Number of protein chains: 2
Amino acid sequence: MRRVFSTQAIQNAIEKSLPDFQKIAGSSGVRTQESVRRQFARDESHFVAPPPAVVLEPTNVEQVSQLLKLCNDRNIPVVPFGTGTGLEGGSMSILGGVCLSTQQVVGEPTLREQDFVCSVKPSTTRIALNDSIKHSGLFFPVDPGADASVCGMVATSASGTNAIRYGTMKENVVNLEVVLADGTVIDTKGKGRCPRKSSAGFNFTELFVGSEGTLGVITQATVKVHPRPQFLSAAVSSFSSVHQAASTVVEALQWSIPVARIELLDDVQIKACNAYSGLTLREAPTLFIEFHGSSEKEVADQTTAVEEICKSHEALDFDSGASPDKMAILWKARHNAYYAALSMRTGARGFTTDVCVPISKLADVISETRADLDEHGIHGTVVGHVGDGNFHVILPTIEEDKSEHRKIQSFSDRLVRRALAADGTCTGEHGIGLGKRKYLREELGENTVRLMHTVKKALDPRNIMNPGKVLPEL
Amino acid sequence: MRRVFSTQAIQNAIEKSLPDFQKIAGSSGVRTQESVRRQFARDESHFVAPPPAVVLEPTNVEQVSQLLKLCNDRNIPVVPFGTGTGLEGGSMSILGGVCLSTQQVVGEPTLREQDFVCSVKPSTTRIALNDSIKHSGLFFPVDPGADASVCGMVATSASGTNAIRYGTMKENVVNLEVVLADGTVIDTKGKGRCPRKSSAGFNFTELFVGSEGTLGVITQATVKVHPRPQFLSAAVSSFSSVHQAASTVVEALQWSIPVARIELLDDVQIKACNAYSGLTLREAPTLFIEFHGSSEKEVADQTTAVEEICKSHEALDFDSGASPDKMAILWKARHNAYYAALSMRTGARGFTTDVCVPISKLADVISETRADLDEHGIHGTVVGHVGDGNFHVILPTIEEDKSEHRKIQSFSDRLVRRALAADGTCTGEHGIGLGKRKYLREELGENTVRLMHTVKKALDPRNIMNPGKVLPEL
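The model shown is predicted, which means the values in this text are computed figures rather than measured ones. Along each chain, residue indices are assigned from 1 in the same order as the chain's sequence is written. Throughout, the order in which chains and ligands are written sets their labels, letters from A for the former and numbers from 1 for the latter. Since the coordinates come from a predicted model, pLDDT governs what is reported: local features require at least 70, and pairs of side-chain atoms require 80 or more to be given and counted, while whole-chain, interface and lining totals use all residues. To get the side-chain values, take all heavy atoms of the structure and skip hydrogens and water.

### With respect to empty space enclosed by the protein
Now for step 1: Here a cavity denotes grid points, spaced 1 Å and computed from the protein atoms alone, that fit a 1.4 Å probe unable to get out, and a pocket denotes an open set having protein on both sides within 12 Å along at least 5 of 7 lines; residues with an atom within 4 Å of a point are the lining. Grid points are joined across faces, edges and corners, and a volume is the space filled by probe spheres set on the points. One pass over the structure, following the stated rule, counts 5 cavities of 30 Å³ or more.
Now for step 2: Approximately 160 Å³ is the volume attributed to the largest cavity.
Now for step 3: Taken together, 14 residues make up the lining of the largest cavity; nearest its centre are V173, V174, P195 and R196 of chain A together with K170 of chain B.
Now for step 4: Residue assignment for the lining of the largest cavity shows that the elements contributing at least two residues are α7 (169-172), β8 (173-179) and α8 (204-208) of chain A together with α7 (169-172) of chain B.
Now for step 5: A per-class count over the lining of the largest cavity returns 3 nonpolar, 2 polar and 9 charged.
Now for step 6: Put simply, the second largest cavity is a space of about 50 Å³.
Now for step 7: In terms of lining, the second largest cavity is formed by R196, K197 and S198 of chain A together with S157, T168, K170, E171 and G428 of chain B. Think of it this way: any DSSP run of H or I at least four residues long counts as a helix, any run of E at least two long counts as a strand, and we number them from the N terminus. Three classes are used: nonpolar for Ala, Val, Leu, Ile, Met, Phe, Trp, Tyr, Cys and Pro, charged for Asp, Glu, Lys and Arg, and polar for all others, with Gly counted as polar.

Here is the structure:
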């Protein structure tokens, strides 16, 4: 049985607990001002919720542990909050309750250069991590676009543009320090350990990757870092149809060309990027491709191989003369694609889809999706990490327009059903949060959903960790 | 509280259940003959246990489900058994009870060529899988040496010689069908799904990888398959000391040369291989290296780069002129290293260690280990997947010699403590089984061990799944 929370009871319990929170986190770590609470009320999704009753800002793992223990003892729901860059409402305090911001849990990244790992606290974002290890010639590859907290990226099972070569968070996390609902602190692989592989005990690291704050709070992540590629180059190629562009990607994978990134932007998205980032790209479905290698020859060979495949799919052009500066501009444009899409409509917020399908189905699913948008007159751009079979439709919407919301929601439902029918998933990298719970039963099956509840109940018997997220109702 | 089994009660419950087992699995699927039971009494480790009371051989997932439900209802412990190639006693029926052999759960591998995945039933071994997909130009890379069941390799979190390039089982499993203790059948990622990535729900796939039959029975595994490399070459290089050989590997990794395999065999092991496989290698610490690439030039570049590193570490020689035939002989010798080591002592069985340490500690830990062997006059060979920081000491022992066993056990304890002190693990790829349970608390910490019990109790409340394995006593 799920415990049902009364928001009034939560509010009362929190008010009574404020002095105890202050004893643990200091008065600066317990923030009740409305302006602060409002800052922690939303992420970057279209979801709306009331602000949390209080924002707690612990500064170390001991404080996180004591705060969770207290909340658990008093049945107070806790919603972990990183940088607030989530896209599925996962860090919203939908029941009021405690927002536990991890951004003051600070500490310098600890690089073990020879072992290709680095340990970070929740305050460290991916760009900060990369800045801190730049001198070593190593880098952290997972790149979802937003400058998210690395620990938050663990919680979401984030990935992004170069997962195709370097893997998603799941493949790049080595060890996690996690505070469980009752305040117990664990190290999933044992404190300080970082062997490249292990068969010792249950794989708890991966259980917490993608758990979205429902099983515990991640207070340290040890992640893999990789040698920065010695040689890079990029190419841009445009096509008459998204189907041709997607088919090109499928063939490049089948030839096992180790591209580092291969991103599709459809004509509408390119138009938006041109306007937003001051580019002059041909307004057609386009692939942005990046090559990494240890020699100029290696990179050139990859480029030639991909060029041939592009041409065999009737590419309109293939521009591989990108200088490092031009490459930086292109990738910045790609990263800003979301904001570019939004900027096409004044006052719009983004509704973003995130399906991922097996590669063999990609070209068809993307084509059908583009046709669906056009048929229903929906304003949206298609952009995605097509090398993984993952793509997004960014839908700039006017928050107050209820009928538009319904139209978009219907489109999103159709898209998810199309992905599920193609043996895919409703979310490749954004997580379930609030918005995707309704699809999880259809995707995973009743028994797997029940097993999720079994595990959730075992780890968090009072259901205080981010209640109402991820798990569908039983 | 752990439930304590009475072996007499188990025996009685099984005897009463035989007709019901037969109703489910047919009379040919319920085997009580002593000769059969003896076949399922041991794996390839040095552990000894009585044979199981009965061997059940279901032929499909429905039968597995019904059998487990029955055993769960009647408190009968169940030990899943694959090909019996384990090295830690994980599939031994230490309480008598039911041995559930999965080898009759048959079915052709289902290849989804364009999606680079293949689904296999428990009867399929890794060689059978590779034979069945040979025509496609794809291959399944995880190669622990033994021709193990792929589903068994999932349960053990196996890896082997080319994990350095292609990953271990954890990185190569996409979806699992698992029968839980109460007979519930789940698909960890949803039935038939194989997107390259997903953030949908808890990562149960990885929870079952390495669970060694303590959380459920794996009845189907969907694994990644990879394009067979177009060009291969190999090199053999020997050194005056294991320290120099290991340092070479560390440097090759730091230069991020994408070697496909890099294996260390110490002088004693080379001697054994020469005798067993009819080779004439220099009897010194030696690296076997394999290069994969998409062009001859790429492979040649890798070879040259590694040759330079070998020479800078004072390699005694570097032979990269290996023809495909010679390569096959070398790798066969590497695969047979275990049997070669055993053959050095008549009537010996193998005791094998399996530590894995961070790369930065590898050279020191291997050197200390070789010195420890020599100091205590212990007959053993060092061989390992040094690119992962993982190495084995193979110790041919005479089963009846108790004092030798104690000596070897002390050596193994010292080795594990050395690995743990170096932030490593007691097992890189063999699993915990029986033999490593005593180290798990020290490795993972009390809280993580308690969490293992919490999860075990949630998934298998009656503790029928492989009791006495993996989890240390609370």
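### Overview of the pattern of salt bridges
Now for step 1: By definition here, a salt bridge exists when the distance from a side-chain nitrogen of Lys or Arg to a carboxyl oxygen of Asp or Glu is within 4 Å. Under the counting rule described, the total for this entry stands at 66 salt bridges over all chains.
Now for step 2: We note a salt bridge from E429 of chain B to K197 of chain A, for which the minimum N-O separation is 3.0 Å. Of this pair, E429 of chain B sits in the loop between α15 (402-421) and α16 (437-444) while K197 of chain A sits in the loop between β9 (185-187) and α8, placing the two residues on different chains. Take E429 of chain B and K197 of chain A: they sit in the same class, and that class is buried.
Now for step 3: With its nearest N and O atoms 2.6 Å apart, the salt bridge here joins E263 of chain A to R334 of chain A. Of this pair, E263 of chain A sits in strand β13 (residues 261-265) while R334 of chain A sits in helix α12 (residues 324-335), and the two are 71 residues apart along the sequence.
Now for step 4: Salt bridges here are not isolated pairs; linked through shared partners, they connect R126, D143, R261 and E290 of chain A. Under the scheme applied here, a residue whose accessible area is under 20% of the maximum for its type counts as buried, over 50% as exposed, and between as partly exposed, the area being computed with a 1.4 Å probe on protein chains only.

### Some details on the packing of helix α14 (residues 359-375) of chain B against α15 of chain B
The description of two helices packed together rests on the angle between their axes and the distance between the axes.
Residues and elements named next belong to chain B.
Now for step 1: Contact geometry of α14 with α15 gives a least axis separation of 11 Å together with a crossing angle of 165°. Considering their axes alone, α14 and α15 lie roughly antiparallel with respect to each other. In the packing of α14 onto α15, the handedness of the crossing is right-handed. The residues of α15 that touch α14, namely those facing V365, E368, T369, D372 and L373, are F411, R414, L415 and R418.
Now for step 2: Looking at the contact of α14 with α15 residue by residue, the class counts come to 4 nonpolar, 1 polar and 4 charged. Helix axes are fitted to C-alpha atoms over the stretch in contact, other axes to C-alpha atoms as well, and angles between N-to-C directions run from 0 to 180 degrees. Should an angle fall under 35 degrees it is taken as roughly parallel, and over 145 as roughly antiparallel, whereas 65 to 115 is taken as roughly perpendicular and any remaining angle as oblique. The sense of a crossing depends on the near helix, which, turned anticlockwise from the far helix by less than a right angle, makes the crossing left-handed and, turned clockwise, makes it right-handed. Any two residues whose heavy atoms approach within 4.5 Å at even a single point are treated as in contact.

### Quick word on the packing of aromatic side chains
Any pair of aromatic rings gets described here by the distance separating the centres and the angle formed by the planes.
Now for step 1: Put simply, two rings from Phe, Tyr or Trp (the six-membered ring, in Trp's case) pair if the centres are within 6.5 Å, and we call them stacked under 30 degrees between planes, edge-to-face over 60, tilted for the rest. Tallied over the entire structure, the rule returns 10 aromatic pairs over all chains.
Now for step 2: Ring geometry for F202 of chain A versus F204 of chain A: centroids 6.0 Å apart, planes at 85°, classification edge-to-face.
Now for step 3: Seen from their ring centres, Y338 of chain B and Y339 of chain B are 5.3 Å apart, and the 80° between their planes marks the pair as edge-to-face.
Now for step 4: We classify Y338 of chain B as buried; its relative accessible area is 13%.
Now for step 5: Using a relative accessible area of 33% as the deciding quantity, one classes Y339 of chain B as partly exposed.

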